[in-house]
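One letter stands for each residue in the lines below.
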Amino acid sequence: MILIASAVCNAANYGALYALMPGIPVLVLLGVMLITPSIYNGLLYYKNQSQTHFIALPVITSISYGVFGQFLTSSGKLEAFKTLATQNTGDLIVSIDQNIVGPSQILFLLLFQFAVLFVIKLMTRRKDNDRSFQVEQKISQVR
């Protein structure tokens, strides 16, 4: 069920991003591509922490990103976005990479998602190992 929820969240996230292209700012694009999947993957993983979900959630997100990138490239929206986002201020030129679904981008997204889930795993493990937390649980069970 968690994996289906992840696929639906990814489809909605990247589908909305595709619909909004090319008229969104670069920072919004980065936020929706990186931060939003981290939030819903983190919540889904926090609810049911298993090794399968630790691996599958980032993989589903990376596959969804790859599909999104292919649609974006083939539709011509990426070229329009690059034209709008490229800025030249004399000495500094800011431009968008030619290949939005290159191996380096997909690998970065995958590692970023793993890092977020790893931090959640560490935080919840510390909570479970905390003696005061365990004492409070024992007291509440006695009552």
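Coordinates for the structure precede this section.
Below, the structure is looked at part by part. Just so we're clear, the structure is a prediction, and the values are computed from it rather than from any experiment.

Each value, and the rule that gives it
Each chain carries its own residue numbering, running from 1 in the written order of its sequence. Owing to the predicted nature of the model, reporting of local features is limited to residues with pLDDT of at least 70; listing and counting of side-chain atom pairs is limited to 80 or more, with chain, interface and lining totals taken over all residues. Values shown for side chains rest on all heavy atoms present in the structure; no hydrogens or waters enter the calculation. Each Phe, Tyr or Trp ring (for Trp, its six-membered ring) is paired with any other whose centre lies within 6.5 Å, and the angle between the two planes then decides the class: stacked below 30 degrees, edge-to-face above 60, tilted in between. Both a distance and an angle decide whether a charge sits over a ring: NZ of Lys or CZ of Arg must be within 6 Å of the ring centre and within 35 degrees of the ring normal. An axis is simply a line fitted to the C-alpha atoms; with a helix, the fit covers only the stretch in contact. Between two such axes, the angle follows the N-to-C directions and lies from 0 to 180 degrees. The helix count covers DSSP runs of H or I at least four residues long, the strand count covers runs of E at least two residues long, and both are numbered beginning at the N terminus. Angular relationships are summarised with four words: roughly parallel below 35 degrees, roughly antiparallel beyond 145, roughly perpendicular across 65 to 115, and oblique for the angles in between. Helix crossings fall into two classes, left-handed where the near helix is turned counterclockwise from the far one by less than a right angle and right-handed where it is turned clockwise. Residue contacts are defined here by distance: any two heavy atoms, one from each residue, within 4.5 Å place the two residues in contact. Under the scheme applied here, ten amino acids are nonpolar (Ala, Val, Leu, Ile, Met, Phe, Trp, Tyr, Cys and Pro), four are charged (Asp, Glu, Lys and Arg), and all others, including Gly, are polar. Definition used for salt bridges: Asp or Glu carboxyl oxygen within 4 Å of a side-chain nitrogen of Lys or Arg. Under the scheme applied here, a residue whose accessible area is under 20% of the maximum for its type counts as buried, over 50% as exposed, and between as partly exposed, the area being computed with a 1.4 Å probe on protein chains only. Directions pointing from the helix axis toward each C-beta atom define the arc. Patches draw on residues past 30% relative accessible area with no salt bridge. Two like charges within 9 Å are joined, as are two nonpolar side chains (Val, Leu, Ile, Met, Phe, Trp, Tyr) within 5 Å. To be clear on the numbers: accessible area is Shrake-Rupley with a 1.4 Å probe, and residue cover counts the displayed protein chains and nothing else. Expected helix span is computed as 1.5 Å times (number of residues minus one).

1. Details of the packing of aromatic side chains
- Under the criterion given, the structure shown has 7 aromatic pairs.
- Pairwise contacts between aromatic rings join Tyr-14, Tyr-65 and Phe-68 into one cluster.
- In this arrangement the basic side chain of Lys-77 is found over the ring face of Tyr-18, its NZ or CZ atom lying 4.1 Å from the centre.
- The cationic tip of Lys-121 hangs over the ring face of Phe-54; the distance from NZ or CZ to the ring centre is 4.9 Å.

2. Here's the deal with the packing of helix α1 (residues 2-20) against helix α3 (residues 51-75)
- At their nearest, the axes of α1 and α3 sit 10 Å apart, and the two run at 25° to each other. Here α1 lies roughly parallel to α3, going by the angle between them. As α1 packs across α3, the resulting crossing turns out to be right-handed. Packed against α1, whose contacting residues are Ile-2, Leu-3, Ser-6, Ala-7, Asn-10, Tyr-14, Leu-17 and Tyr-18, the element α3 presents His-53, Ala-56, Leu-57, Ile-60, Thr-61, Ser-64, Tyr-65, Phe-68, Phe-71, Leu-72 and Ser-75 at the interface.
- Its residues assigned to classes, the contact of α1 with α3 shows 13 nonpolar, 6 polar and no charged.

3. Here we look at the pattern of salt bridges
- Across all of its chains, the model carries 1 salt bridge by this definition.
- A salt bridge links Lys-82 to Glu-79; its shortest N-O distance comes to 3.0 Å. Pair noted here: Lys-82 and Glu-79 are both in helix α4 (residues 77-85), with a separation of 3 residues, about one helical turn.
- Looking at Lys-82, the relative accessible area reads 6%, which means it is buried.

4. Topic: α4
- The complete set of buried residues in α4 reads Leu-78, Phe-81, Lys-82 and Ala-85. The buried residues of α4 occupy one face: seen down the axis, they fall within an arc of 100°. Seen from the open side of α4, the exposed residues pointing more than 90 degrees away from its buried face are Thr-83 and Leu-84.

5. Topic: a nonpolar patch on the surface
- Together, Ile-55, Val-59, Ile-63, Val-67 and Phe-71 make up an exposed nonpolar region whose accessible area comes to about 440 Å².
- Among the structural elements, Ile-55 can be located in helix α3.

6. Quick look at α3
- Taking 1.5 Å of rise per residue, 25 residues should cover 36 Å, and α3 covers 37 Å from first to last C-alpha, within 8% of that figure.
- At the C-terminal side of α3, Gly-76 shows a positive phi close to 90°.

7. Structural notes on the side chain of Asn-10
- Secondary-structure assignment places Asn-10 in helix α1.
- On the basis of relative accessibility, which here comes to 0%, the residue Asn-10 falls in the buried class.
- Ignoring any residue separated from it by four or fewer positions in sequence, one finds Asn-10 in contact with Gly-15, Tyr-40, Ile-60, Thr-61 and Ser-64.

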